[in-house]
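Residue-level structural notes
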Amino acid sequence: MAAASLPAWLCLQPGARALRAFSTAVSPTTLPGKAGPRTTERTSRLERPSRRKALPPRTEKMAVDQDWPSVYPVAAPFKPSAVPLPVRMGYPVKMGVPMAKEGNLELLKIPNFLHLTPVAIKKHCEALKDFCTEWPAALDSDEKCEKHFPIEIDTADYVSAGPSIRNPKARVVTLRVKLSSLNLDDHAKKKLIKLVGERYCKTTDVLTIKTDRCPLKRQNYDYAMYLLTVLYHESWKTEDWEKNITEADMQEYIWTNSSSEKNILETLLQIKAAEKNLEVTKEELLGTKEIEDYKKCVVSLKNEGDSEYTLSQYKESVKRLLNLT
Amino acid sequence: MLKGVASLVSRVRKLDPGHLRLGTQAPQSLAAQLDNQVSFESPRAISCTNENDPAKHEEKHEGLHYNLPLQDVKTVFPHGLPPRYAMQMKTFNEACLMVRKPALELLHYLKNTNFAHPAIRYVLYGEKGTGKTLSLCHIIHFCAKQDWLILHIPDAHLWVKNCRDLLQSTYNKQRFDQPLEASVWLKNFKTTNERFLSQIKIQEKYVWNKRESIEKGSSLGEVVEQGITRVRNATDAVGIVLKELKRQSSLGIFRLLVAVDGVNALWGRTTLKREDKSPIAPEELALIHNLRKMVRNDWNGGAIVLTLSQTGSLFKPRNACLPQELLGKEGFDALDPFIPIQVANYSPKEFESCIQYYMENSWLQHEKAHTEEGKKELLFLSNGNPGQLERLCAYL
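Residues numbered from 1 in each chain as written. Chains lettered and ligands numbered in written order. Predicted model: local features only at pLDDT ≥ 70, side-chain atom pairs only at ≥ 80, totals over all residues. Heavy atoms only, no water.

An unreviewed UniProt entry annotates chain B as Small ribosomal subunit protein mS29 of Pipistrellus kuhlii. The UniProt entry for chain B carries this comment under Sequence similarities (unreviewed entry): "Belongs to the mitochondrion-specific ribosomal protein mS29 family." Among the UniProt annotations of chain B, the heading Subcellular location (unreviewed entry) holds the following wording: "Mitochondrion". (UniProt positions renumbered as here; feature names shortened; annotations may be inferred.)

Looking at an unreviewed UniProt entry, one finds chain A named Mitochondrial ribosomal protein S35, with Pipistrellus kuhlii as its source organism.

Quick look at the overall build of chain B now. Within chain B one finds 16 helices and 11 strands. Counting the 396 residues in chain B, one finds 52% classified as buried. Across chain B, every contact between residues at least 6 apart in sequence was considered, and the portion connecting residues at least 24 apart equals 72%. For chain B, the exposed area adds up to about 19,400 Å²; of that, 53% sits on carbon and sulfur atoms. (Helix = DSSP H or I, 4+ residues; strand = E, 2+ residues; numbered from the N terminus. Buried < 20%, exposed > 50% of the residue type's maximum accessible area, 1.4 Å probe, protein only. Contact = heavy atoms within 4.5 Å. Areas by Shrake-Rupley, 256 points an atom, 1.4 Å probe, with all protein chains shown as cover.)

Counting residues at the interface gives 26 residues for chain A and 28 residues for chain B. Summed over both sides, the interface between chain A and chain B buries roughly 2,300 Å², with carbon and sulfur atoms accounting for 54% of that surface. Across the pair Glu105(B) and Lys315(A) runs a salt bridge whose closest N-O atoms are separated by 2.9 Å. Counting every contact that joins chain A to chain B gives 8 residue pairs in polar contact (both at pLDDT 80 or more). Mapped by element, the contributors of at least two residues to the side of chain A that touches chain B are α10 (259-274), α12 (289-304) and α13 (308-321) of chain A. If you tally residues by element for the side of chain A that touches chain B, the top one is α10(A), at 9 residues. (Buried area = accessible area lost by both parts, 1.4 Å probe. Salt bridge = Lys/Arg side-chain N within 4 Å of Asp/Glu carboxyl O. Polar contact = N/O pair within 3.5 Å; in protein donor to acceptor, adjacent residues only side chain to side chain.)

Right, let's get into empty space enclosed by the protein. All names here are of chain B. Following the criterion strictly, the structure yields 2 cavities of 30 Å³ or more and no others. Volume-wise, the largest cavity comes out at about 60 Å³. The wall of the largest cavity is formed by His157, Val160, Asn264, Ala265, Gly268, Arg269, Ser313, Leu314, Lys316 and Leu326. Split into classes, the residues belonging to the lining of the largest cavity amount to 4 nonpolar, 4 polar and 2 charged. When its volume is computed, the second largest cavity comes out at roughly 30 Å³. Around the second largest cavity, the lining residues are His79, Ile150, His152, Trp185, Asn188, Phe189 and Thr192. Listed by contribution, the elements that provide at least two residues to the lining of the second largest cavity are β4 (149-153) and α8 (179-192). (1 Å grid on protein atoms, 1.4 Å probe; cavity = no way out; pocket = protein on both sides within 12 Å on 5 of 7 lines; lining within 4 Å. Points joined across faces, edges and corners; volume = space filled by probe spheres on them. Nonpolar A, V, L, I, M, F, W, Y, C, P; charged D, E, K, R; others polar.)

Attention now goes to the packing of α12(A) against α13(A). All names here are of chain A. The contact between α12 and α13 brings their axes to 9 Å, and the two run at 155°. What the angle tells us is that α12 and α13 run roughly antiparallel. As α12 packs across α13, the resulting crossing turns out to be left-handed. Contact residues: α12 offers Glu290, Ile291, Asp293, Tyr294, Cys297, Val298, Ser300, Leu301 and Glu304, while α13 offers Thr310, Leu311, Gln313, Tyr314, Ser317, Val318, Arg320 and Leu321. (Axes fitted to C-alpha atoms, helices over the stretch in contact; angles between N-to-C directions. Parallel < 35°, antiparallel > 145°, perpendicular 65-115°, else oblique. Left-handed = near helix turned anticlockwise from the far one by under 90°.)

On to the nonpolar core, then. Formed by 115 residues in total, the largest nonpolar core has its most connected members in Tyr122(B) and Leu245(B). Those residues within four positions of Tyr122(B) in sequence are excluded, and the remaining contacts are Leu324(A), Leu106(B), Tyr109(B), Leu110(B), Thr113(B), Ala303(B), Ile304(B), Val305(B), Leu306(B), Ile339(B) and Ile341(B). Listed in part, the 17 residues of the second largest apolar core include Cys48(B), Tyr346(B), Phe351(B) and Met359(B). (Core = buried A, V, L, I, M, F, W, Y, C linked by side-chain atoms within 4.5 Å.)

This part takes up the sheet that holds strand β4 (residues 206-211) of chain A. Residue and element names in this part refer to chain A. An order of β1-β2-β4-β3 is seen for the 4 strands of this open sheet, with the pairing classed as antiparallel. Where the open sheet ends on each side, the last strands, each with one partner, are β1 (152-155) and β3 (200-201). Both β1 and strand β2 (residues 173-178) contribute to a ladder of 4 bridges, which runs antiparallel. Among the inter-strand pairings, Thr155 is bridged to a residue of β2, identified as Val173. (Pairing = 2+ DSSP bridges.)

Our next topic: the pairing of β2(A). Examined bridge by bridge, β2(A) and β4(A) share 6 bridges and lie antiparallel to one another. Following the sheet pairing, Leu175(A) is matched in β4(A) by Ile209(A).

Next up on the list: helix α10 (residues 220-229) of chain B. Those residues of α10(B) that sit buried are Leu220(B), Gly221(B), Val223(B), Val224(B), Gln226(B) and Gly227(B). Each element contacted by the buried residues of α10(B) is listed here: α8, α9 (194-197), β8 (213-214) and α11 (234-249) of chain B.

On to the sheet that holds strand β11 (residues 338-342) of chain B. Adjacent strands of a sheet pair through backbone hydrogen bonds, lying either parallel or antiparallel. Strand order in the open sheet formed by 5 strands is β4-β9-β10-β3-β11 (chain B), with parallel pairing between adjacent strands. Each of the sheet's edge strands pairs with one partner strand only, and the pair in question is β4 and β11 of chain B. Pairwise comparison of adjacent strand axes, ignoring direction, gives a mean angle of 15° for this sheet. Here 5 bridges tie strand β3 (residues 120-125) of chain B to β11(B), and the two strands are oriented parallel to one another. Of the residues in β11(B), the one forming a bridge with Leu124(B) is Ile341(B). The sheet contacts of α13(A) involve β3 and β11 of chain B, and relative to β11(B) the element is tilted by about 135°. Set on the sheet, helix α13 (residues 323-335) of chain B makes contact with β3, β10 (302-307) and β11 of chain B; between it and β3(B) the angle comes to about 170°.

With that settled, consider the packing of aromatic side chains. Within the structure shown, the criterion is met by 14 aromatic pairs over all chains. Ring geometry for Phe332(B) against Phe338(B): centres 5.6 Å apart, planes inclined by 80°, an arrangement best described as edge-to-face. Assigned by exposure class, Phe332(B) and Phe338(B) land together as buried. Three or more aromatic residues link up through ring pairs in this structure, and these residues are Tyr294(A), Tyr314(A), Phe332(B) and Phe338(B). In this arrangement the basic side chain of Lys79(A) is found over the ring face of Tyr72(A), its NZ or CZ atom lying 4.9 Å from the centre. Geometry around Phe315(B) places Arg269(B) over its ring, the cationic atom sitting 3.7 Å from the centre. (Phe/Tyr/Trp six-rings, centres within 6.5 Å; stacked < 30°, edge-to-face > 60°. Lys NZ or Arg CZ within 6 Å of the ring centre and 35° of its normal.)

The next thing to look at is a nonpolar patch on the surface. Taken together, Phe113(A), Leu116(A) and Ile121(A) make up a surface patch of nonpolar side chains, about 280 Å² in accessible area. Examined against the element boundaries, Leu116(A) turns out to sit in the loop between α5 (105-109) and α6 (118-129). (Patch = residues over 30% accessible without salt bridge, like charges linked within 9 Å, V, L, I, M, F, W, Y side chains within 5 Å.)

So, about the pairing of β4(A). One face of the sheet, then the other: side chains in a regular strand alternate in exactly this way. All names here are of chain A. Both β3 and β4 contribute to a ladder of 2 bridges, which runs antiparallel. Paired with Tyr200 across the bridge in β4 is Leu207. Connecting β3 to the next strand, β4, in antiparallel fashion are 4 residues, including Asp205 with a positive phi near 60°.

All names here are of chain B. Taken as a whole and assessed by the stated rule, the structure comprises 32 salt bridges over all chains. A salt bridge links Arg84 to Glu390; its shortest N-O distance comes to 2.8 Å. With Arg84 in helix α5 (residues 83-92) and Glu390 in helix α16 (residues 386-395), this residue pair connects regions lying 306 residues apart in the sequence. For Arg84, a relative accessible area of 30% puts it in the partly exposed group. Taking the shortest distance from any N to any O, the salt bridge between Lys246 and Asp298 comes out at 3.1 Å. Taken together, the residues Lys246 in helix α11 and Asp298 in the loop between α12 (286-294) and β10 connect sequence positions 52 residues apart. Its relative accessible area of 16% is what places Lys246 among the buried residues. Residue Asp298 is classed as partly exposed on the basis of its relative accessible area, which comes to 31%.

Here you go:
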């Protein structure tokens, strides 16, 4: 009889219950005694451990003006029962809506900033105020700050609970300075930009030096200041080999001694020769207004690239040079 | 008119006796065509002009088509016309070019050139399909009519890509010869400038190899013949031709027009490789080297008209159309100073004229093509771009 009822149990109670039924089957002495009226029932109240009923989520008990930072004091994963917002996330099935927050893995995966609401940040600021000094009253605008303190240093400090208070990331020092606040002439500025390469941003005119090669923050700061000093002084010096610069290296197009100048002088000399006007010298030619105009047009074409305006200017100047109507 | 129709009908009947239906329908269609010809006389005046001499083209002819006699086309443009235009010419059985502003401007400059001054370079540039090559053809026709010697390289890009048989040059070991391209070009050059070839005498002795040489004083025609027959020496023959022409045009015997289409190929990159797969620079090709010397302005007695072209160019992006982008730094420095002339899309008047021309030649068969909306639609779809318009109208 026990054997006959066993398969019925196995079908009706999958999973753990089946295991339990199997274990009871292994000890047949227990079963036959308790069999009879109890086997018809689905579950046996003595065997099932007592289970609490699921409580209502905490959100139902939250007041509107509650203290939110105490709900999320630190960075914590998203708890759908603790966040009173009816938020939905996920890709909807056809003719459906995104999934609700209960049991939503997508909401768990993403970082949330529920611990950093403006109220919480205000509280942090209030707490930190005791450790801060007053902002100087004279520095009330950005320009004044830049004028008096052109160099900006960025450092980061890290606090964590753990066996050691040291954090290797804390040694990084970033130095930012605007080149307009440094005393550089044309050559020095170009040389400095070439020396630093990627660290200079053209749009904001900011040189950024990031150092982390020394073990201590203080050492990195000293190294960054040293780098800035060396760059400044080196860019003011002019070496002998700098005058061998080729056209490919130059950042801007310079007209004097370029092939364009040679071409135009040759052309004009030939024209003059054809008109039997051999007394004109190179310097005279270079000084004429048309050549000045032509020079400006070529320089603008090369530096700014082609555009309707530059090309038409160039055309006009060439026409005037070559005496075309 | 009835007699004419009757004779035509009888001729048709003789041609295909089995097709009685065609015979009966033929007179109707012929009559219709004759009628159409009569009615189309007046619209022809809108899009075409009778002034067939480019020298007399003025601003009042702007936007109108003029007829190039087919005989001229065969001599002046053996290789110069763009392929789609050549197809159109064959279909319509006539060659009509539109007179446009850039060409008029260039004609004005050319008419006022001072042949004692060094040759001025004019560069036609513009977006794809705006008509640079056909403007160049207009200028060439003008110069041919004025009896200039035409040195026309239809597409310089053909000389820097897809060339088989590269030989090491006999003249200069570092350079490479392209016998096929050179011989083809020499043949076409001969067709264009037949009458000059016997008049011009070379002024130096050139030695081809141990057994053959050309004496001083023989005509240029012999050099060209030698190049065409002996394909191995074709590139050197081209070099000699260019050198002699440059030297002698300064003397004033003839006027020289150097017309190169796709001149940005001279300073770009090539797709040709040596046997060890290393790339060849353009200056290592003898043809390109000589052509570069030709477009320098150290000679006088003529003019140099050049076109930039992105179609067919190598390693240049699709939307590059401005001089510096296509020529690069080297090209710009070599051509400086030049006069850049922009070729733009059709103006409304030119667009109207073009549509009229197509309609007269019964090219636009779509019923809506004649209406104002149809024309507006075509204008919108092609944005006034001549090449695009031609391609669109091919479907209608």
